[in-house]
Amino acid sequence: MDHSAINQNASLKGVKVVEIGTLIAGPYAASLLAQFGADVIKIEAPGDGDPLRKWRKLHNGTSLWWYSQSRNKKSLTLNLKSSEGQQIVRDLVRDADIVIENFRPGTLEAWGLGWDALSAINPNLIMVRVSGYGQDGPYHKRPGFAAIAESLGGLRNLIGFPDRPPVRVGVSIGDTLASLYGVIGALLAMHHLKSNGGKGQFIDIALYEAVFGVMESLIPEYAAFDFVRERTGASFPGISPSSTYLCRDGLYVIIAGNGDSIFKRLMHAMGRADLAEDPALARNDGRVLHNDMIDAAITDWTTQHDLDHILQVLEAADVPSSRVYTAADIHSDPHYRARNMIERHTLPDGQPIDLPGVVPKLSATPGKTNWVGPELGQHTDEILAALGRSAEDIARLRNDGVI
């Protein structure tokens, strides 16, 4: 690890985070904090570490996803079921700002590492607790992954076509939404602590609630009209026109022509001045009543032209549109490159690797990738030495299977 590469002008410089979690929801939240300068100590089980190390495509036995999600973190191996491992966590928490965990509720309490125990050690501690169903309620002890949360939260029922089973987004969106809410909660709690004279607190993040929180008008529409929103394929219900349209070359174009002035420009670009100037279609509520007719008109036009031609015409008309990007499209796109959203880094064996850029972009204290995900236990000795452990004690802990 090149410590000289660390951004000294980081937003979260000096913030210490202890991550006790695996896979996505907790660790991704910690990753976002690490990208903006927080000192993140990731605790992993000795032997295999975080299961994410073996998920999806592997390079020399380690997941490429791991290298991306665990950037800027330090890896400490620790057997949390051992009394000495639990004591090391308590030692780490004494001067920590944030603890992030995503075990099933009650797990940390069984190890003597729950909120009551840790906040007694450090009253200013902020603890982000991510679980499937939250820390209480009738379901709180159930196991919960993103797929379940996306179902319970209402999202899965809206994805796909009405005559087919529900489908998934393709990424673990329930986990990443929970991560984002976790980061927001941690930053809110830090502000309250530092600016409002408050004290430490824990943030209870339920995966299903993170999904439910972005479900827009789902519940108000049901409460007011008994309307149950269902799957609508590629269209955007109640917003017209906005869908995916087949082109002559067999590719697809996404067109969002749902703004009133945008709709007029789209229709004129298609040669349909009659629809552009139709008073019944001037506003969204009128267009929704005729959405099938509008989509048919757009499809009639797109199926007569290749995708590239359609994109050129719509760009000239200032109509929001796009091809459906693949990983290859993203990797070669000049806009991604211009905004440094594809970063080139190096794996431990010297293999170059491209990672997603850091989001969001701050003008004065931008985030930065200082190093890719660490090797298992790479920083164990360094972290324990900083806690005052001698080389002999560290060797004993390793021999005893604590680290």
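Since this is a predicted model, take the numbers as computed values, not measurements.

Draft legend 1. Spatial organisation of unusual backbone geometry. Looking along the chain, the bond that leaves S240 and enters P241 is cis, with omega of -10 degrees. Mapping P241 onto the fold places it in the loop between α9 (218–225) and β9 (242–246). The amide bond that connects V359 to the next residue, P360, takes the cis arrangement and shows omega of 0 degrees. Tracing the sequence through the fold places P360 in the loop between β13 (352–356) and α17 (380–386). Residues other than glycine seldom take positive phi values, yet N60 does so here, at roughly 50 degrees.

Draft legend 2. Structural view of the sheet that holds strand β10 (residues 252–256). Taking strand neighbours across the sheet as the criterion, the three strands line up as β9-β10-β11 in an open arrangement whose pairing is antiparallel. Two strands bound the open sheet, and with one partner strand each, they are β9 and β11 (321–323). Here the average twist between neighbouring strands, direction ignored, is 20 degrees. Pairing analysis gives three bridges linking β10 to β11, with the strands arranged antiparallel. In the strand pairing of β11, I255 is matched with S321. Where helix α14 (residues 307–316) meets the sheet, its contacts fall on β10 and β11, and the angle it forms with β11 comes to roughly 155 degrees.

Draft legend 3. Here's a closer look at the sheet that holds strand β6 (residues 98–101). Here we have six strands laid out as an open sheet, ordered β5-β2-β1-β6-β7-β8, and parallel in their pairing. Each having just a single partner strand, β5 (73–77) and β8 (201–206) make up the two edges of the open sheet. Pairwise comparison of adjacent strand axes, ignoring direction, gives a mean angle of 20 degrees for this sheet. Pairing of strand β2 (residues 39–44) with β5, which is carried by five bridges, proceeds in the parallel orientation. Directly across from I43, in β5, lies its bridge partner L76. Along the sheet face, helix α1 (residues 25–35) touches β1 (16–20), β2, β5, β6 and β7 (126–131) and points at about 145 degrees away from the line of β6. The sheet strands contacting helix α7 (residues 173–195) are β6, β7 and β8, and the helix crosses β8 at an angle near 165 degrees.

Draft legend 4. Main features of the side chain of E101. Along the chain, the position of E101 falls in strand β6. A relative accessible area of 2% means that E101 is categorised as buried. Side chain to side chain, E101 and R129 meet in a polar contact 2.7 Å long. If we ignore the near neighbours within four places in the chain, the residues touching E101 are I20, L108, M127, V128, R129, V130 and Q135.

Draft legend 5. Representation of the packing of aromatic side chains within the structure. Following the criterion strictly, the structure yields five aromatic pairs and no others. With a centroid separation of 5.9 Å and 55 degrees between ring planes, the pair formed by W55 and W65 is classed as tilted. Of the two residues, W55 sits in the loop between β2 and β3 (58–59) while W65 sits in helix α2 (residues 64–69), which places them ten residues apart along the sequence. In this structure W55 comes out as partly exposed when scored by relative accessible area, which is 32%. Relative accessible area serves as the criterion here: at 27%, W65 is assigned to the partly exposed category.

Draft legend 6. A look at the nonpolar core. In terms of nonpolar packing, the biggest core is built from 35 residues, with V17, L33, I98, I100 and V128 touching the most fellow members. Those elements that place two or more of their residues in this core are α1, β6, β7, α7, β8 and α8 (207–212). Once residues within four sequence positions are removed from consideration, I100 is found in contact with V17, V18, E19, I20, G21, G26, A29, A30, L33 and V128. Membership of the second largest hydrophobic core comes to 26 residues, among which are I20, L108, W115 and I403.

Draft legend 7. Molecular detail of the environment of T380. Examined against the element boundaries, T380 turns out to sit in helix α17. Residue T380 is classed as buried on the basis of its relative accessible area, which comes to 0%. Along the sequence, T380 and S75 sit 305 residues apart, while their C-alpha atoms lie 6.5 Å from each other. Apart from the residues lying within four places of it in its own chain, the contact partners of T380 are S75, L76, T77, R398 and I403.

Draft legend 8. Broad picture of the pairing of β9. Bridge count for β9 against β10 is five bridges, and the pairing is antiparallel. Within β10, the residue paired with Y245 across the bridge is V253. Taking the residues between adjacent antiparallel strands as the criterion, β9 and β10 are bridged by five residues, where G250 takes a positive phi near 85 degrees.

Draft legend 9. Seen up close, the side chain of K42. Along the chain, K42 turns up in strand β2. A polar atom in the side chain of K42 sits 2.3 Å from the side chain of E19. A distance of 2.9 Å separates a polar atom in the side chain of K42 from a polar atom in the side chain of D50. Here K42 is in contact with E19, G21, P27, D50, W66, K73, K74, S75 and L76, once residues within four sequence places are set aside.

Draft legend 10. The arrangement of α14 in detail. Here α14 has its buried residues at L307, I310, L311 and L314. Looking straight down α14, one finds that the buried residues subtend no more than 100 degrees of arc, so they occupy a single side. Relative to its buried face, α14 has exposed residues pointing more than 90 degrees away, namely Q312 and A316. Where the residues of α14 are buried, they touch β10, α10 (260–269), α13 (291–302) and β11.

Thresholds, definitions, all that
- Within each chain, residues carry numbers counting from 1 in the order of the written sequence.
- It should be noted that, the model being predicted, local features are given only for residues of pLDDT at least 70 and side-chain atom pairs only at 80 or more, the latter also being counted only at that level, while totals for whole chains, interfaces and linings use all residues.
- Here the side-chain values reflect all heavy atoms present in the structure, with hydrogen atoms and water set aside.
- The helix and strand labels rest on DSSP assignments: H or I over at least four residues marks a helix, E over at least two residues marks a strand, and numbering proceeds from the N terminus.
- Should DSSP find at least two bridges between two strands, the strands are regarded as paired.
- Note on geometry: axes are lines fitted to C-alpha atoms, helical ones only across the stretch in contact, with angles between N-to-C directions running from 0 to 180 degrees.
- Only heavy atoms matter for contacts: two residues are in contact if any of them lie within 4.5 Å across the pair.
- Per-residue accessibility, obtained with a 1.4 Å probe over protein chains only, is compared with the maximum for each type, and a residue is labelled buried under 20%, exposed over 50%, and partly exposed between these values.
- Here a polar contact means two N or O atoms within 3.5 Å. Within protein one must be a hydrogen donor candidate and the other an acceptor candidate, and residues neighboring in sequence count only if both atoms are side-chain atoms.
- Pairing of aromatic rings covers Phe, Tyr and Trp, the last counted by its six-membered ring, and requires centre-to-centre distances within 6.5 Å; plane angles under 30 degrees mean stacked, over 60 mean edge-to-face, and any other angle means tilted.
- By nonpolar core is meant a set of buried Ala, Val, Leu, Ile, Met, Phe, Trp, Tyr and Cys residues that side-chain atoms within 4.5 Å join together.
- By definition, the arc is the one covered by directions from the helix axis to the C-beta atoms.

As far as function goes, none of this settles anything; it's purely spatial.
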